[in-house]
Amino acid sequence: MGHQMTHGQTTHGFQFQPEAIRDLPTTYYSENSGVGLTLLNHPKREEGLRVGALGLGIGVIASYGQADDTFRFYEINPDVIELAAGNGRFFSFLEDSAATIQLVAGDARVSLEQELEDGMAHNFDLLVLDTFSGDAIPLHLLTKEAFETYLKQLNADGIIAVNVSNRYFNLDQAVYRIADEFRLHTALIQAPGDGLQSYDSVWLLLTYNEDFLNTPIIAAHSTTRPPSDTQLRLWTDDFSNLLQILK
């Protein structure tokens, strides 16, 4: 019925194999998820979206791509790139997508910083951070300095969507603290999964475009911000503490 990519206890996506349903977005990326709602209702949806994604998985979000879109994926694991690109014929989200697909191998933050140094500012309409679902969190992607880089690669009305779904940590607390530092507006979207096509997901949207978060479809799916830990320090390249957000 389908193929699934799993590493340890973490599922990085699965794809139905019957042709009629193989392009359905699955796992954490269903149409009612935070990233799905953002892609489907982005104000520039009909103009051609520039989407950057930190973490490839099997490329499920490419299923949302349209002919004028560009999806640029940053992935550190070359084996993941090979599988998502079709090696073994297990997955075809990238191949089937109507969007232009770009794959960048290596550490995502290092790649984004190098591109800025080379004068390559992408002005992304959406930047998807999706590297935090397992128990080994790449903390250098969740610091003040990292978000400074992300914002330089984002256009003024762009949106950052962070997958904070995690069995072990309340990652939203750390991301809210960063949002406050940069005075970004936020929306937390929790979507129940059906256990077949989709999983329970929690996405945190960050943007200076408050109007987007106030659109009826986004507002209707948003959850009230949970109480914040007033003792939680801002994570930087010199300081982070996972114990503070342990569930």
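Asks: Describe in detail the pairing of strand β3 (residues 50-54), supporting the description with residues and values.
Replies: β3 sits mainly inside the fold: four of its five residues count as buried. Pairing between β3 and strand β4 (residues 70-75): five bridges, direction parallel. Paired with glycine 52 across the strands is arginine 72, a residue of β4. In the sheet, β3 pairs with strand β6 (residues 124-129) via four bridges, with the strands oriented parallel. Each bridged residue has a counterpart across the sheet, and for leucine 54 the counterpart in β6 is leucine 129.

Asks: Explain the side chain of aspartate 172 to me, using residue names and the numbers behind them.
Replies: Within the secondary structure, aspartate 172 is located in helix α6 (residues 171-182). The buried charged residue aspartate 172 lacks any salt bridge, with lysine 247 as its nearest oppositely charged partner at 7.1 Å. Aside from chain neighbours lying at most four places away, what touches aspartate 172 is Val164, Leu188, Leu204 and Pro226.

Asks: Can you lay out helix α4 (residues 108-117) for me, pointing to particular residues and giving the numbers?
Replies: Residues of α4 that are buried: Ala108, Arg109, Ser111, Leu112 and Glu115. Buried residues in α4, looked at end-on, bunch into an arc of 165°, giving them a common side. More than 90 degrees from the buried face of α4, the exposed residues found are Val110 and Glu117. Its buried side turned inward, α4 meets β3, β4, β5 (100-105), β6 and α5 (144-152). Where α4 begins, the capping side chain belongs to aspartate 107, and its oxygen is found 3.1 Å from the backbone nitrogen of arginine 109. Backbone geometry just downstream of α4 places glycine 119 in the positive-phi region, at approximately 80°.

Asks: Could you give an account of the layout of surface pockets, naming the residues involved and the relevant values?
Replies: One way to see where empty space is left: roll a probe the size of a water molecule over the atoms. Computed from the structure, the largest pocket encloses a volume of approximately 910 Å³. Forming the boundary of the largest pocket are 43 residues, of which His7, His12, Glu75, Ile76 and Thr131 lie nearest the centre. Elements represented by at least two residues in the lining of the largest pocket include exactly β1 (2-7), β2 (10-16), β4 and α2 (78-84).

What counts as what
Residues numbered from 1 in each chain as written. Predicted model: local features only at pLDDT ≥ 70, side-chain atom pairs only at ≥ 80, totals over all residues. Heavy atoms only, no water. Buried < 20%, exposed > 50% of the residue type's maximum accessible area, 1.4 Å probe, protein only. Helix = DSSP H or I, 4+ residues; strand = E, 2+ residues; numbered from the N terminus. Pairing = 2+ DSSP bridges. Lys, Arg positive; Asp, Glu negative; His and termini not counted. Salt bridge = Lys/Arg side-chain N within 4 Å of Asp/Glu carboxyl O. Contact = heavy atoms within 4.5 Å. Arc of directions from axis to C-beta. Polar contact = N/O pair within 3.5 Å; in protein donor to acceptor, adjacent residues only side chain to side chain. 1 Å grid on protein atoms, 1.4 Å probe; cavity = no way out; pocket = protein on both sides within 12 Å on 5 of 7 lines; lining within 4 Å. Points joined across faces, edges and corners; volume = space filled by probe spheres on them.

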